[in-house]
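# Topology and contacts: notes
Here's the letter readout for the chains.
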Amino acid sequence: MTSTNRFASLVSLALHPAVIPTLGLYLILELDLYLKYSISEAYKTTLCTVVFVNTLVFPVVLVWLLRVRNMISDLTLSNRNERHTPYAFTAFLYLFTWYLFKRFGVSPLILSLIFGSMLSAAILFVLNFKWKISAHMTGISGLLGAVVAINLKFQVPMTSLIILFGLIWGLVGYSRITLGAHRPYQVYGGAILGFFTVGLAVWMGWG
């Protein structure tokens, strides 16, 4: 493996779609001044832990179990037809997390983020029956869309953060193409899906 491919693999692992919801929640808790100062650190930790377990730990364990049982050929789910079960399970876990947060009166902004993530995961699951779209780009683009929506909706000064995530967004796309995991149009498809689904959910207050 070349140094370029090793770097691309590191980027893909560090910014895996399963990492994005926890990162997005943490950012919202820090960027929204009301949430930042009105919620205790213990409560923030609880919210992040629930999201971390439901959207990262459980999906990763599922993929590992599928690999152990030889139901998938590799942990990266390179075969489109092997993505159906993990995608459906992930969408369900987003829905379950949203339901829990809704039941316990969590902030509408956080509910919108989780709802948008659930919606993008559900659409990704449906599209996967016909087209292979980059889940990595769907995830990072959803995060970028959420940040842009927060910036526009609440007039929070985040120009530097948007630029940073824009650069990361490009880096993730470059990494997926470099590794041969996706073709350019599959990367663009994931970018459009994630950005507009999560961005609109946060902007419109869906959830």
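Now for a look at the structure at hand. Just so it is clear, the model here is predicted, and its values are computed rather than measured. (Residues numbered from 1 in each chain as written. Predicted model: local features only at pLDDT ≥ 70, side-chain atom pairs only at ≥ 80, totals over all residues. Heavy atoms only, no water.)

### Considering the packing of aromatic side chains
By the definition in use, this model includes three aromatic pairs. Judged by centre distance (5.3 Å) and plane angle (80°), the ring pair of Phe-195 and Phe-196 falls under edge-to-face. (Phe/Tyr/Trp six-rings, centres within 6.5 Å; stacked < 30°, edge-to-face > 60°.)

### Some details on the nonpolar core
Membership of the largest hydrophobic core comes to 38 residues, with the highest contact counts inside it found for Leu-29, Phe-101 and Ile-110. Elements supplying a minimum of two residues to this core: α2 (20–31), α4 (41–68), α5 (84–103), α6 (108–127), α7 (135–154), α8 (159–178) and α9 (184–204). Ranked by the residues each element gives to this core, the list is headed by α7, at nine residues. (Core = buried A, V, L, I, M, F, W, Y, C linked by side-chain atoms within 4.5 Å. Buried < 20%, exposed > 50% of the residue type's maximum accessible area, 1.4 Å probe, protein only. Helix = DSSP H or I, 4+ residues; strand = E, 2+ residues; numbered from the N terminus.)

### Regarding the layout of surface pockets
The space that makes up the largest pocket amounts to roughly 970 Å³. The wall of the largest pocket is formed by 40 residues, among which His-16, Pro-17, Ala-18, Ala-135 and His-136 lie closest to the centre. Sorting the residues of the lining of the largest pocket by element identifies α1 (3–14), α2, α4, α5, α6 and α7 as the ones contributing at least two each. For the lining of the largest pocket, a count of residues per class yields 22 nonpolar, 15 polar and three charged. (1 Å grid on protein atoms, 1.4 Å probe; cavity = no way out; pocket = protein on both sides within 12 Å on 5 of 7 lines; lining within 4 Å. Points joined across faces, edges and corners; volume = space filled by probe spheres on them. Nonpolar A, V, L, I, M, F, W, Y, C, P; charged D, E, K, R; others polar.)

### Things to note about the environment of Asn-151
Tracing the backbone through its elements, the reader meets Asn-151 in helix α7. According to the relative accessible area criterion, Asn-151 is buried, its value standing at 19%. Between the C-alpha atoms of Asn-151 and Leu-161, which are ten residues apart in sequence, the distance is 10.0 Å. If we skip the residues at most four places from it in the chain, Asn-151 touches Val-156, Pro-157, Met-158 and Ile-162. (Contact = heavy atoms within 4.5 Å.)

That is the geometry; function is a separate question.
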